[in-house]
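# Working through the structure, step by step
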Amino acid sequence: MKRLIITHFLLLCLFLTSGCAVEMISPYDDKTVEQMERIDQKIDHFYLILQSVPEKDRSFTHYSSAYLDIDVQIRSLERRQEVREKNEETLKQTRILASLWKQDMAIHKKQNSISDFMIKRRMSQYQRLMNTMIVGELAKRQ
């Protein structure tokens, strides 16, 4: 009798632990990765274009539509992350990206130009952030 109880207990434990994996993060989403990669490319392209123009010709008005285009892409990514369950970390990173982009856009508008030094700094900053976001999403693949 005691052996039967132990056997049932062990089977019950095995059953409960094998079928009840708790997920603490959202599942992998290739559309999110694709969207992140597009944004990364757009940001890189944007700064490479800025870099190719003499500093005196980098007025905000010439680039405002490009800033807005990228802002729309970032906001779309943010909305996608808001509706995914258990996705707090990616959503937090996306909000950081949105905040940095708005801040950089406002600085360019206020100063009406951007230096080579700032372009290199921002390119590096966005490359690190986007790489972190993409690698984080790819890590969710099983």
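Our subject in this report is the structure included herewith. These numbers come from a predicted model, not from an experiment.

A word on the side chain of N87. Here N87 is to be found in the loop between helix 3 (60-82) and helix 4 (88-111). Accessibility expressed as a relative area gives 3% for N87, which makes it buried.

Between helix 3 and helix 4, the shortest axis-to-axis distance is 9 Å and the interhelical angle comes to 165 degrees. The angle between the axes of helix 3 and helix 4 places the two elements in the roughly antiparallel class. Judged by the sense of rotation from one axis to the other, the crossing of helix 3 with helix 4 is left-handed. Contact residues: helix 3 offers F60, Y63, Y67, L68, I70, D71, I74, R75, L77, E78, Q81 and E82, while helix 4 offers T90, L91, T94, R95, L97, A98, W101, K102, D104, M105, H108 and K109.

A word on the nonpolar core. Counting residues in hydrophobic clusters, the biggest one holds 26 residues, and the most contacted among them are I43, F46, Y47, L97 and W101. When residues of this core are traced back to their parent elements, those giving at least two are helix 2 (30-52), helix 3, helix 4 and helix 5 (116-138). Residue contacts for W101: discarding those within four places in its chain leaves I43, F46, Y47, Y67, I70, D71, I74 and Y126.

Parameters and conventions
- Residues numbered from 1 in each chain as written.
- Predicted model: local features only at pLDDT ≥ 70, side-chain atom pairs only at ≥ 80, totals over all residues.
- Heavy atoms only, no water.
- Helix = DSSP H or I, 4+ residues; strand = E, 2+ residues; numbered from the N terminus.
- Buried < 20%, exposed > 50% of the residue type's maximum accessible area, 1.4 Å probe, protein only.
- Axes fitted to C-alpha atoms, helices over the stretch in contact; angles between N-to-C directions.
- Parallel < 35°, antiparallel > 145°, perpendicular 65-115°, else oblique.
- Left-handed = near helix turned anticlockwise from the far one by under 90°.
- Contact = heavy atoms within 4.5 Å.
- Core = buried A, V, L, I, M, F, W, Y, C linked by side-chain atoms within 4.5 Å.

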